[in-house]
Amino acid sequence: MRTFDLTPLYRSAIGFDRLVNMLEQRAEAAPSYPPYNVELVSEDKYRIVMALAGFSRSEIEIVAERDTLHVTGRKQKDDVQRHYLHRGIAQRDFEQRFQLANHVKVVSAGFDNGILTIELVREVPEALKPRKIAIADANGNTDNVQVLEQPQQQAA
C-alpha cells in the first residue's frame, strides 16, 4: 500500500486536517462495488454514473446530507432457489459515500437500463465570489480605479 508524506502540507496549510483524514480513509477502504465513474461535465458541473445491473429503482436510495452523498442499494430477497454454474453479476447490497465539496449540490438523478446517473453542480453564493477592492489614497479618493462591484441604489 502506498503512503504519502503530507508534512510539507502542514507547513503552509492551516485547517486542512479534515481533508488529510478524508484522503487517508479513502486510501484504506476504496470500494470496488458497484463500479462507477465521476465525470467533470463543465467547470461547475459533475456527473456520477453507477452500473447497477439487476437493481430496480425501488431498491436504490440517494440521500444528500450536508457534505456527503449516500447511495444505497438494498436488493430484495428472491425466494426462488437457483443453482448457478457461474455467477458473474453481483447483486449484493451496497452503500457508497461521496464527499461533496462546499457548495456542491445534487441537481437530479435518473435510472435507466441499470445505469444510475446523478447530476451535481457547484453553486458558489455571490457573497463568496472574488471581488476587486479599490485602494483609496490618503484623502479617501479612488480616482483612476475601477470598482467592479457598485453599491445598489435604493429606490426613493
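Residues numbered from 1 in each chain as written. Predicted model: local features only at pLDDT ≥ 70, side-chain atom pairs only at ≥ 80, totals over all residues. Heavy atoms only, no water.

Engineer: Describe the sheet that holds strand β1 (residues 36–42), naming the residues involved and giving the relevant values.
Structural biologist: In space, the four strands of this open sheet follow the order β1-β2-β7-β6, with antiparallel pairing throughout. Every other strand in the sheet has two partners, leaving β1 and β6 (104–112) as the edge strands with one partner each. Strand-to-strand twist across the sheet, computed as the mean angle between neighbouring axes with direction ignored, equals 20 degrees. Of the strand pairs in this sheet, β1 and strand β2 (residues 45–51) are connected by six bridges, and their pairing is antiparallel. (Pairing = 2+ DSSP bridges. Helix = DSSP H or I, 4+ residues; strand = E, 2+ residues; numbered from the N terminus. Axes fitted to C-alpha atoms, helices over the stretch in contact; angles between N-to-C directions.)

Engineer: How would you sum up the layout of surface pockets? Please name residues and give values.
Structural biologist: Its volume calculated, the second largest pocket comes out at about 330 Å³. Lining the second largest pocket we find 13 residues, and of these K75, D78, Y84, R87 and Q91 sit closest to its centre. Residue classes in the lining of the second largest pocket are distributed as two nonpolar, four polar and seven charged. (1 Å grid on protein atoms, 1.4 Å probe; cavity = no way out; pocket = protein on both sides within 12 Å on 5 of 7 lines; lining within 4 Å. Points joined across faces, edges and corners; volume = space filled by probe spheres on them. Nonpolar A, V, L, I, M, F, W, Y, C, P; charged D, E, K, R; others polar.)

Engineer: Could you give an account of the side chain of T72, naming the residues involved and the relevant values?
Structural biologist: Structurally, T72 is set in strand β4 (residues 68–73). Sequence-distant contacts of T72, that is, excluding residues within four places in its chain, are made with E59, I60, E61, F94 and E95. (Contact = heavy atoms within 4.5 Å.)

Engineer: Any chance you could break down the pairing of strand β7 (residues 115–122) for me, citing the residues and the numbers?
Structural biologist: Here β2 pairs with β7 via seven bridges, running antiparallel. Bridged to A51 within β7 is I115. Where β6 hands over to β7, the hairpin turn is made up of two residues, of which N113 adopts a positive phi near 55 degrees.

Engineer: Go over the packing of aromatic side chains, please, and point to the residues and values.
Structural biologist: Here the structure, examined in full by the defined rule, presents three aromatic pairs. For the ring pair Y33 and F94, a centre distance of 6.2 Å and an interplane angle of 85 degrees mean the geometry is edge-to-face. Of the two residues, Y33 is situated in the loop between α2 (17–28) and β1 and F94 in strand β5 (residues 94–99); the sequence distance between them amounts to 61 residues. With relative accessibility at 16%, the residue Y33 sits in the buried group. Here F94 falls in the buried class, since its relative accessible area comes to 4%. Through a chain of ring-to-ring contacts, the aromatic side chains of Y33, F55 and F94 assemble into a single cluster. Directly above the ring of F55 sits K75, whose terminal nitrogen or CZ lies 5.4 Å from the centroid. (Phe/Tyr/Trp six-rings, centres within 6.5 Å; stacked < 30°, edge-to-face > 60°. Buried < 20%, exposed > 50% of the residue type's maximum accessible area, 1.4 Å probe, protein only. Lys NZ or Arg CZ within 6 Å of the ring centre and 35° of its normal.)

Engineer: How would you sum up the sheet that holds β5? Please name residues and give values.
Structural biologist: Here three strands make up an open sheet; going across it, the order is β3-β4-β5 and the pairing antiparallel. A single partner strand is all that each edge strand has here, and the edge strands are β3 (60–65) and β5. For this sheet, the mean inter-axis angle between neighbouring strands, taken without regard to orientation, is 15 degrees. Bridge count for β3 against β4 is six bridges, and the pairing is antiparallel.

Purely geometric stuff here, so don't read any function into it on its own.
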